[in-house]
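Listed below, chain by chain, are the residues.
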Amino acid sequence: MRYVKLLKENFKDFFENLKKFGEVHAPVKRGNSFSFAKVDSPSEVALKYNRTILPPKKYFIKPFEEVLKIKVGKGYEPLVEEPKSLILLGLHACDINALKILDSIYLDEPPDDYYQIRRTATVIIGISCEPDDYCFCKSMGADYAWTGFDLFLHELDNSYLIRIGSSRGEVMIESMKNVISEPTKEDFIKLRDIELKRSRMFKKALNTSLLPDIVDSLYESDVWVKFSDKCVSCGSCNLVCPTCRCYDVTEKVELNLKEGVRVRRWDSCFIRSHALVAGGLNFRPTRLDRFRHRYNCKSSIEPRTNSPFCVGCGRCSAFCPAGIDHVDVLNAIWGLT
Ligand code: SF4
Ligand code: SF4
């Protein structure tokens, strides 16, 4: 892996150079929270942040979108948009690893055209971070991004060491020769020390060996009842999760009964209608069924990436209105609390 060095005093120039490659989106502060949004200047960017409410998946699977145009009697026509070059600046390692899980699903044969077009046109630039009270990405093996990015900025004291992760990243760095330099031996020692310190900062831990089987085989545990009794089935944990990917599909026909659209929108397995099938059967009719299902899903292993479906970003815990903490639930299943 090749590294280059960017002095913080040159970040503005780096940012201006990025604009040549597409529209720049980055985390921005909104009240007490953070959100990915279009940015025009570095002063808008919150490079030190814990987590955005919605993960970067919102750029690739839209919360609500029209996917097919319907001409009644004639059939369906895809509504595929023109690709727009986008730079997503400031993704944490967990969110980059989450995108790899979404890729393994949406880009598998046959690929989802809508997702593929946006994904191909988007440059991913990661940034290092420090864990807060909710982060457990280290337990999930998602605290470090080996692949899945074009550039990754590791913050040192007054500079960033930039890891180049793709040929696209190489091209971008080649065009910024005036703002970057070669790292020194001391820079790599600093990087080592910072990584070691970060690794020791995690407060939350989850035992992941055997986790899928433990969650599945203890299906009858009273722990599920205890926590699901507090759950209000709002579905927020699904919407904020960077790896939740279920959507609902509906069709709308215009009043003229000649045209219409097929739309898809994010769905939540916590909502009762999610498991309702033709004929009126609901195979997860109770909140308890839905609660257990989500923990089964998130604790299982994605066969193509061989990694868990949870990357430990802590969003579901941080934004649950009932105060249900993902790690607390699973630690209770392990009999640790
Ligand atoms: S966010 Fe909390 S209350 Fe809402 S569905 Fe998820 S676990 Fe239940
Ligand atoms: S289950 Fe919770 S902690 Fe895990 S990836 Fe989803 S939102 Fe993040």
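In this text the structure is predicted, and so the values were computed from the model without any measurement.

Peer 1: Please explain a nonpolar patch on the surface as it appears in this structure.
Peer 2: Taken together, the side chains of V72, V253 and L257 define a hydrophobic patch exposed on the protein surface, amounting to about 290 Å² of accessible area. With respect to the helices and strands, the residue V253 is situated in strand 11 (residues 247-253). The partly exposed category is assigned to V253, whose relative accessible area is 47%.

Peer 1: Honestly, the site of ligand 1 in this entry has me stumped. Any pointers?
Peer 2: Taken together, C231, V232, S233, C234, G235, S236, C237, F270, C320, P321, A322 and I324 make up all the residues around ligand 1. Class assignment for the residues of the shell around ligand 1 results in nine nonpolar, three polar and no charged.

Peer 1: How do you make sense of the pattern of salt bridges when you look at a structure like this?
Peer 2: A side chain with one charge may pair with a side chain of the opposite charge, provided their charged atoms come close. Under the definition given, this model contains 26 salt bridges. Of the charged contacts in the structure, one is a salt bridge between R51 and D132, with a shortest N-O distance of 2.8 Å. One end of the pair, R51, is in the loop between strand 3 (33-38) and strand 4 (64-71); the other, D132, is in the loop between strand 7 (122-127) and strand 8 (151-155), with 81 residues separating them in the sequence. In terms of burial, R51 and D132 fall into one category: buried. A salt bridge links D95 to R315, with the nearest nitrogen and oxygen atoms 2.8 Å apart. Linking D95 in helix 2 (residues 93-106) with R315 in helix 10 (residues 315-318), this pair joins segments that are 220 residues apart in sequence. What makes D95 buried here is its relative accessible area of 2%. Overall, the relative accessible area of 1% leaves R315 in the buried class. Ionic contacts of the salt-bridge type, sharing partners, join the residues E65, E81, D112, R118 and R264 into one network.

Thresholds, definitions, all that
- Within every chain, residues take consecutive numbers counted from 1 along the sequence as written.
- Key to labels: chains lettered from A, ligands numbered from 1, both in the order written.
- pLDDT decides what is reported in this predicted model: residues at 70 or higher carry local features, side-chain atom pairs at 80 or more are listed and counted, and totals for whole chains, interfaces and linings draw on all residues regardless.
- The basis for every side-chain value is the complete set of heavy atoms in the structure, and neither hydrogens nor water enter the calculation.
- Surface patches are drawn from residues lacking salt bridges whose relative accessible area is over 30%; two like charges belong together within 9 Å, two nonpolar side chains (Val, Leu, Ile, Met, Phe, Trp, Tyr) within 5 Å.
- The Shrake-Rupley method, run with a 1.4 Å probe sphere, supplies the accessible areas, and residue values consider only the shown protein chains as cover.
- Within this document, salt bridges are pairs made up of a side-chain nitrogen of Lys or Arg and a carboxyl oxygen of Asp or Glu, the two lying within 4 Å of each other.
- A run of DSSP states H or I qualifies as a helix once it reaches four residues; a run of E qualifies as a strand once it reaches two. Both are numbered from the N-terminal end.
- The classification of residues rests on relative accessible area computed with a 1.4 Å probe and restricted to protein chains. Under 20% of the type maximum is buried, over 50% is exposed, and intermediate values are partly exposed.
- Proximity criterion: a residue is near a molecule or strand once any of its heavy atoms comes within 4 Å of it.
- Residue classes follow a fixed rule: Ala, Val, Leu, Ile, Met, Phe, Trp, Tyr, Cys and Pro count as nonpolar, while Asp, Glu, Lys and Arg count as charged, and any other residue, Gly among them, counts as polar.

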